[in-house]
Every structure is written in structure tokens, then in C-alpha cells.
Amino acid sequence: MSERIYLLPLWIRLWHWTNALLIITLTVTGVSLHFADPKLPLVEFSLAARIHDMAGIALATLYACFVVANIVTGNWWQYVPKPPGVLERCIVQGKWYMFGIFRGEPHPYRVSEEANFNALQAISYWVIMYMVMPVMLLTGITFLMPEFAPDRFFGFDGLLPVAILHYLTGTVIIMFMIAHIYLGTTGKTATSMFKTMVNGWHEH
Amino acid sequence: MFQSWRKTILTLLILGLTRALAAHGGTEAAAIDPAVAEKNRKANEACFACHTEAGLKNPPRTDMDMKKLAETLRDPKVFAGSNHGTMDCRQCHGQGYNDYPHSEGSKNEISPCSECHATRVARLEPQYDKSVHARLEGVKAKFTCATCHDPHVNLGATLLKDPLKIAVQDNQACLECHDSDRVFAKYAPDDEKKPGIKKARPDIDTIHDWLPNTKLHWKAVRCVECHTPEVKANRPLSHEILDKEKAEKNCLSCHSANSSLRTRLYRHLVKEEVAQFGFTNSVILSSSYVIGATRNPTLDTIVIALVGLTLAGVLLHGAIRIIFAIRRKGRKQ
Ligand code: HEM
């Protein structure tokens, strides 16, 4: 039996899978709305709008809970890359993803209760959760309540910048999601990291 | 008798004038000469002395039925900005209103629209006759062109230009009745189950609760967008209000690249459409951002490419990992 540590409390796991489900739902319905076309067999427009609205509100609520829980439990500290040597650690980690991983080298930084994420993870999660997500949510909420959108925007309808920001941040989140799911296969075995997210135990 | 005779002469004069002004001498009303317009404006001041808010406050005489007058007020500024703003009131109302008290029966002598708009009425009337309002027993008798078109207020779409203003004006015509129990009861037929009692007015927002952001849609599109049959591009809107079963419920009729808004609310602007930053349906974008319709193919290509590259990168990385893992295994054995 390999060594294992209890890494992820229940609330983080519950949050993670709810978040994942909502973002996948929002992606599928969002794509159906944006690329609406009688010839494309996507989710029917009014159904997509209804689901997207509900999932969007749910995600905004979940995000508020996530922020509060992170403050209360102190989990936010995990997202802060700790100096000194952040840059070096990022480079080492990047090199491992580009070369070491192919040669079967072990992960350069060992996961521990104190440092759940490597430096590269901490930075990218921080950017996604605290920079991209707020923009995503705020533009989504403005879309829901267009009376709060600017009235005009350089001769265009004021909803245009909101829509474009929403679209672009959505794209960033989808790209992140693809990379994120893939990197989930880089644990000890291809599925061990997914198991950790389910039962909370990390295998070294 | 004398009144109507005078009116006929006046009408013939106007028809002669408008025909002379019309380029091809059709039976269609045409714009009025500025000098004539100025003369008409002066003449109308006489009517506005009583038929305005100011007139009601400061009546030129004291022997009038003020309650009735209060129901007949017109706004000179609004009238001046309307389709018929350069006309003399008497061109439609006849000479019976020259003096007060107005002549008995003048009310029944208002010129019908066809008197000046013969060509258009000939085109529109068959469509109008097929409309729900012209077919429903109890409704049709009270419904006329003026029920929707206030000839003192409305301004044609081509002159109003701004689609959001057109939407306000045209929806006002329907909502004034469909959103008011008082007005609706005046026109509504009797309830089928309870004779003698007027049919209850269904609430407009409830009927359309399948349409999200209902109130926002009322500001950005017109009732007639969904309640009239499709017409060819460049043709004016049909005047046939369809049965409710035939109304448009498909969101994609507007929310797609090939949006029907181009042939409807934005019809008069499409000819002058200027592509802006490569957006499809740029003509709509200056008034409304319409999901699915106002998109940018260049941006979409970039976004699809970025997501595609991420996916390809990940798959390539995975493939290399698998190949290396197999080679390592082979070496170990
Ligand atoms: C990963 C998350 C999300 C993605 C990928 C996404 C994607 C999209 C896309 C592509 C559109 C079409 C916009 C257009 O064509 O311009 C859209 C519309 C919209 N989004 Fe999102 N979105 C996400 C999250 C949210 C959230 C969190 C909210 C609300 C708080 C939200 C609310 C809306 C609303 C209200 C619309 C307008 C259509 C409707 O009412 O259903 N979205 N979204």
C-alpha cells in the first residue's frame, strides 16, 4: 500500500464537483445561445436560455459560498504562491510538464497538507478564481439585468461590451477547463487525482 | 348638405394638389409645399386655441362643455412632428369645425384614409380584412385604421428611423388596448360562456411568459414582428394580424445570423447598412445586441481556434506521454 494523506475536506470536494457540473452546463448552453442557428443541432434556444439563466445564478451563489468558505477555513492561503523562489519553482514545474513527465520522472514538488498546489497551479487557479470568474459572473449578472448595462457604447448598444467580455472570459474558462481536466490525468496513475477529488485522500 | 358640398370641393382641390405634387400622378398623398404648410400651421392655431392644455386652462370663451373639451386635447408639437403635421385640420375634419359650437354631424364627416391614400389602402385593406380584429364578431364593427394609427401622433417608420422609437410607437398602438382593461372592454366581444359580460382581458405579460425578458423584448421589438405573416424583403409589413396559433414562437427567427429583423423592424435601414468591425447584422447592433444575430465571425474564428489549439495541445501531450510510457515499459522488459 502506498503512502496517503487526507488532503481535501468534504466541502472542497462538494464545491469542486458542483462547480464543474455547472460550468459544463453553462458551456453547453452558452455555446447553443451564441452559435444559435437552425442548421446546428444544439440545445433549443429557449431551453438553453432557461437552463443557462438558472445555472448562472447557481454558479454565482456557489462562488459567493466558495469565497466565504475560503476565508473562514483559511484555505485561500493555498492559492498564494509562497516566496522565495516562486519563479524558479514555476520554471522547474514547467520543464517537468514539457520534458520530465515524458521520461517518467517524479513530480518535482511533493504534495503536502501545507502545500496542496505547486506554484504554477497556485498562480493559474488564483487568476481563474479571483480574476476571470468575477468578470464572468458580473457580466453574466448584467446580462440577466440589462437595465444595469451602460445605455450606449460608442454608438453601439451598451450590452455589446458586456456580451463580448462574457464571451471572452467564457472562452478563457473553457480553455482552462480543458487543460485542467487533462492535467488531472498526470497523477501517480491517470485516475488517481480524480479519486483524490472524490474521496479526499492523496496518494504519493 | 351645404357643408358636405363644400367639403367635396376642398377634397377635390387637395387631391388635385397632391396629385400634381406626386411625381407620377398616382392617387397617393405626397409631401406638402412649405408655403402651404406654413399657411396650414397658422390656420390650425385657431383650433389649438381650444384643443390644447393651454386652451383648457385659458379658454377663449366660457360657454363650453369643458369636460368634453378635456377629452379632445391635442399637442401642437406632437402633431407638427407627425405624418400629417403639415396639414390643415380641416383637410380631414371638414369645414364643420370652423366655428364653435361645431356643426351638428361633423363628427361623421372625417375623411376616410382612402381619400388620400387610395393606393396604399387598396394594398392594405385585403390584408387588414383577413386580420383577427376584422374577423372577430363584436370587434370588427368598432375597429378602423385609426384604432391603431392616431393620425395626429404617429410618424411613419421611414421618417422615425430609430428602431427603438418605432417599437415604442407601434407597440403603444397594441398595448393601449391589450394592456388596459378600460379600453379593451370597449372593443371586446361578449364572453362565450357568460352572455352579456365582456370577455376578460388576458394579461399580455402572462400570455408571453415563455418569452424571457418579456419587458425587454417589448422595448426592442414590435408585436407585429411575431403576429404578422412573413413578407418578402423590401416589401412593407403585412397588415394581417394572424390568429394566435399562427404567431411566431421560434426564437431563432430573430436570434440567428439570418434574422427576420432585417426584413421587419430594420427593413428601412438595411439598405444603408454599414458593416461595423465585421459584425453580422451591424444595422441592428447600434440599437440592440441580439444574441445569435449580432456576432463577429472573425472573433468566433479566433475563439474556436484557441479552444481547438488547447484541445490539440492536450491531445498531443497525452499521445507523447503514452508513446514514451510504452517505450519505457519495453526497455524495462
Ligand atoms: C463558464 C461559465 C459560462 C460560460 C461559458 C457562458 C457562456 C455564455 C455565452 C457563450 C453566452 C452567449 C452570449 C452571446 O452570444 O453573446 C452567454 C449568455 C448569457 N450568460 Fe453566460 N456563460 C457562463 C456563465 C454565466 C454566469 C455565471 C451567468 C450569470 C450569473 C451567465 C449569464 C448569462 C446570461 C443572462 C446570458 C444571456 C442569455 C440568457 O439570458 O440565457 N453566464 N453565456
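Everything that follows concerns the structure shown earlier in this document.
Residues numbered from 1 in each chain as written. Chains lettered and ligands numbered in written order. Predicted model: local features only at pLDDT ≥ 70, side-chain atom pairs only at ≥ 80, totals over all residues. Heavy atoms only, no water.

(A) Structural detail: the coordination of the iron atom of the ligand. All names here are of chain A. Surrounding the iron atom of the ligand are the protein donor atoms His52 (NE2) and His166 (NE2), at 2.0 Å. Taken together, the six donor atoms surrounding the iron atom of the ligand define angles of 84 to 179 degrees at the centre, an arrangement classified as octahedral. You can see His52 sitting in helix 2 (residues 45–73) and its partner His166 sitting in helix 5 (residues 159–183), a full 114 residues away along the chain. Under the relative-accessibility criterion, His166 is labelled buried at 15%. (Donors = N, O, S within 2.8 Å, 3.2 Å for Na, K, Ca; no water. Tetrahedral: all angles 85-135°; square planar, octahedral: opposite > 155°, others 65-115°. Helix = DSSP H or I, 4+ residues; strand = E, 2+ residues; numbered from the N terminus. Buried < 20%, exposed > 50% of the residue type's maximum accessible area, 1.4 Å probe, protein only.)

(B) View of the interface of chain A and chain B. With 35 residues of chain A in contact, the opposing surface of chain B contributes 32 residues. In total, about 3100 Å² of surface goes out of reach between chain A and chain B, with carbon and sulfur atoms giving 72% of it. Connecting chain A to chain B are zero salt bridges. Those elements that place two or more of their residues in the side of chain A that touches chain B are helix 1 (10–34), helix 2, helix 4 (119–144), strand 3 (156–157) and helix 5 of chain A. Take the side of chain A that touches chain B: its biggest share by element is 12 residues, from helix 5 of chain A. A breakdown of the residues in the side of chain A that touches chain B according to their chemical character gives 23 nonpolar, seven polar and five charged. (Contact = heavy atoms within 4.5 Å. Buried area = accessible area lost by both parts, 1.4 Å probe. Salt bridge = Lys/Arg side-chain N within 4 Å of Asp/Glu carboxyl O. Nonpolar A, V, L, I, M, F, W, Y, C, P; charged D, E, K, R; others polar.)

(C) How the structure looks around the nonpolar core. In this structure, Ile23, Leu59, Tyr63, Phe66, Met129, Met133 and Ile173 of chain A are the most contacted members of the largest nonpolar core, which totals 21 residues. Elements represented by at least two residues in this core include exactly helix 1, helix 2, helix 4 and helix 5 of chain A. Apart from residues lying up to four places away in sequence, Met129 of chain A is in contact with Trp15, Tyr63, Phe66 and Pro134 of chain A. Counting residues in hydrophobic clusters, the runner-up holds 13 residues, among them Leu160, Leu261, Leu265 and Val283 of chain B. (Core = buried A, V, L, I, M, F, W, Y, C linked by side-chain atoms within 4.5 Å.)

(D) Main features of the packing of aromatic side chains. Under the counting rule described, the total for this entry stands at 18 aromatic pairs over all chains. Ring centres 6.2 Å apart and planes at 70 degrees place the aromatic pair Phe48 of chain B and Phe79 of chain B in the edge-to-face group. Of this pair, Phe48 of chain B sits in helix 2 (residues 34–48) while Phe79 of chain B sits in helix 5 (residues 76–80), and the two are 31 residues apart along the sequence. Residue classification places Phe48 of chain B among the buried positions, given a relative accessible area of 16%. An aromatic cluster is built from Trp15, Tyr63, Phe66, Tyr79, Phe117, Tyr125, Trp126, Tyr130 and Phe176 of chain A, whose rings are joined through pairwise contacts. (Phe/Tyr/Trp six-rings, centres within 6.5 Å; stacked < 30°, edge-to-face > 60°.)

(E) Structural view of the environment of Ala146 of chain B. All names here are of chain B. When you line up the elements, Ala146 lands in helix 9 (residues 145–148). According to the relative accessible area criterion, Ala146 is partly exposed, its value standing at 44%. Once the C-alpha coordinates of Ala146 and Phe279 are considered, the two residues, 133 residues apart in sequence, prove to be 39 Å apart.

Any link to function would need more than the numbers given here.
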